[in-house]
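Descriptive analysis of the structure
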Amino acid sequence: MKLFDVYPLYNVTPVSAKGIVVTDDKGQDYLDFYGGHAVISIGHTHPHYVKRLKDQLDKIGFYSNAVQNPLQEELAEKLGVISGCEAYNLFMCNSGAEANENALKMASFATGKSKIIAFNNGFHGRTSAAVAATDNPSINAEINQQHEVVFLDLNDAKGFEREISKNVCAVIIESIQGVGGLDEPNTEFLHKVAALCKENDALLIADEVQCGFGRSGKFFGFQHHNIQPDIISIAKGMGNGFPVGGVLIHEDIKAKYGMLGTTFGGNHLACVATLAVLEVIEKENLMANAEELGMYFNEKAKEIPQVKRVKGRGLMLGLEFDFQVADLRKKLIYDHHLFTGGAKDKTVLRILPALNITKQDLDVFFTALKTALS
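Residues numbered from 1 in each chain as written. Predicted model: local features only at pLDDT ≥ 70, side-chain atom pairs only at ≥ 80, totals over all residues. Heavy atoms only, no water.

Under the annotation held in an unreviewed UniProt entry, the protein chain carries the name Acetylornithine aminotransferase and is attributed to Maribacter spongiicola. Per UniProt, the protein chain carries the Cofactor (unreviewed entry) text "pyridoxal 5'-phosphate". Of the protein chain, the UniProt comment under Sequence similarities (unreviewed entry) reads exactly: "Belongs to the class-III pyridoxal-phosphate-dependent aminotransferase family." (UniProt positions renumbered as here; feature names shortened; annotations may be inferred.)

So, on to the state of the cysteines. Under the counting rule described, the total for this entry stands at 0 disulfides. Of the cysteine sulfurs around C85, a residue in no disulfide, the closest is that of C211, at 12 Å. (Disulfide = S-S within 2.5 Å.)

A separate point is the environment of K300. Inspection of the secondary structure puts K300 in helix α9 (residues 286-301). If we ignore the near neighbours within four places in the chain, the residues touching K300 are D363 and F366. (Helix = DSSP H or I, 4+ residues; strand = E, 2+ residues; numbered from the N terminus. Contact = heavy atoms within 4.5 Å.)

A few words on the sheet that holds strand β1 (residues 14-18). Strand order in the open sheet formed by 4 strands is β1-β2-β3-β13, and the pairing between neighbours is mixed. Strands at the two margins of the open sheet, each flanked by one partner only, are β1 and β13 (338-339). Looking at chain direction, strand β2 (residues 21-24) and strand β3 (residues 29-32) are connected through 3 bridges and run antiparallel. By the bridge assignment, V21 is partnered in β3 with L31. (Pairing = 2+ DSSP bridges.)

Below, the discussion takes up a nonpolar patch on the surface. On the surface, I60, F62, Y63, V67 and F264 cluster together to form a nonpolar patch covering roughly 480 Å² of accessible area. In this structure, Y63 sits in the loop between α2 (47-59) and α3 (70-83). (Patch = residues over 30% accessible without salt bridge, like charges linked within 9 Å, V, L, I, M, F, W, Y side chains within 5 Å. Areas by Shrake-Rupley, 256 points an atom, 1.4 Å probe, with all protein chains shown as cover. Salt bridge = Lys/Arg side-chain N within 4 Å of Asp/Glu carboxyl O.)

For the rest of this paragraph, the subject is the sheet that holds strand β8 (residues 203-207). With mixed pairing, the 7 strands of this open sheet are ordered in space as β4-β10-β9-β8-β7-β5-β6. Edge positions in the sheet fall to β4 (88-93) and β6 (149-152), since each has one partner strand and no second. Sheet twist, expressed as the average angle between the axes of neighbouring strands with direction ignored, equals 20 degrees. Sitting on the sheet, α3 is in contact with β4, β9 (231-234) and β10 (245-250), with an inclination near 125 degrees to β4. Contacts from helix α7 (residues 187-199) reach β5 (115-119), β7 (168-173) and β8, with the element oriented near 160 degrees to β7. (Axes fitted to C-alpha atoms, helices over the stretch in contact; angles between N-to-C directions.)

What follows covers the layout of surface pockets. Space inside the second largest pocket adds up to approximately 740 Å³. What lines the second largest pocket is a set of 24 residues, and nearest its centre among them are Q72, L90, F91, M92 and A255. Residue assignment for the lining of the second largest pocket shows that the elements contributing at least two residues are α3 and β4. Counted by class, the lining of the second largest pocket contains 13 nonpolar, 8 polar and 3 charged residues. (1 Å grid on protein atoms, 1.4 Å probe; cavity = no way out; pocket = protein on both sides within 12 Å on 5 of 7 lines; lining within 4 Å. Points joined across faces, edges and corners; volume = space filled by probe spheres on them. Nonpolar A, V, L, I, M, F, W, Y, C, P; charged D, E, K, R; others polar.)

Where a strand is regular, its side chains alternate between the two sheet faces. Examined bridge by bridge, strand β11 (residues 309-313) and strand β12 (residues 316-320) share 5 bridges and lie antiparallel to one another. Residue V310 lies in a different strand from β12, and its bridge partner there is L319. Counting the residues between successive antiparallel strands, the hairpin from β11 to β12 contains 2 residues, one of them, G314, with a positive phi of roughly 55 degrees.

The structure is reproduced here in structure tokens:
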């Protein structure tokens, strides 16, 4: 049997990793400034993370949600305190797409409606409703196109005001777009969105799959704008590589048996992986580090004339050029041994490192970038 051909692959085979250093099968070290799509939030094989998982595996790795799992309650309590979202209830699943799928489903349950407002260049996953709300026709099969979704430009207040009155169940938005290329809605627009959702009995879903868990310098990206979503979807950095997703559902939305369910979601290892990440974020003060290094990154980028602008916040960053960055990424990985990312906007180089990197790490990145550009 052969693998289904899904992605074009770089000719690199990692076999071990520690911190932001990834080592391939030939013994070559690479510095990871991409974190596997923002997944590695506290560094590869962080000792606390590894110990927590090993210790749990010696006890019990999995049982279904038919029995009590106190680790889920411990996680919900700690997540509520660290994120400042104690007025929400936690449903655990396995991925960002699954989180958004369940978020949209909950909005439809709660409102009795089905229409969705999403935004151009947004990305919410590859499952049924999540991919229908994703602005990429090439990954939407015919079956996905049966969902009723309206796409608007970010910050299009007039368009939003026009569409929100048309029997909408949910508005789904990233506070910082990931795949799309680090564009952001502004605070005035988000306040209008939140207010009009309430007026029109629609639920506001904050997709924090990539920009959550401290990456923006606050725990959630929407917290830069002082709004309160009805539902928050999470994944990526919450498990530091262990497949974990979740949905934070405001306590005003009441649960009923049968609404949601999962076999693997919230298993013992998933809970411990997420607890370990939260413990490291708290102990090492990683949100403050992300904020500080985001500012340092912006200062260093000013030294490079080819950079048109820096996009994003904290350690969810993009460098915009006036050329497509595919060849630059190849130079960085093959000549300078640095992992970086691309975006739907082909002129944006995405930087999504672990939240505990240092200024010295960023100095190495910018030295290599200057050489590659020259």
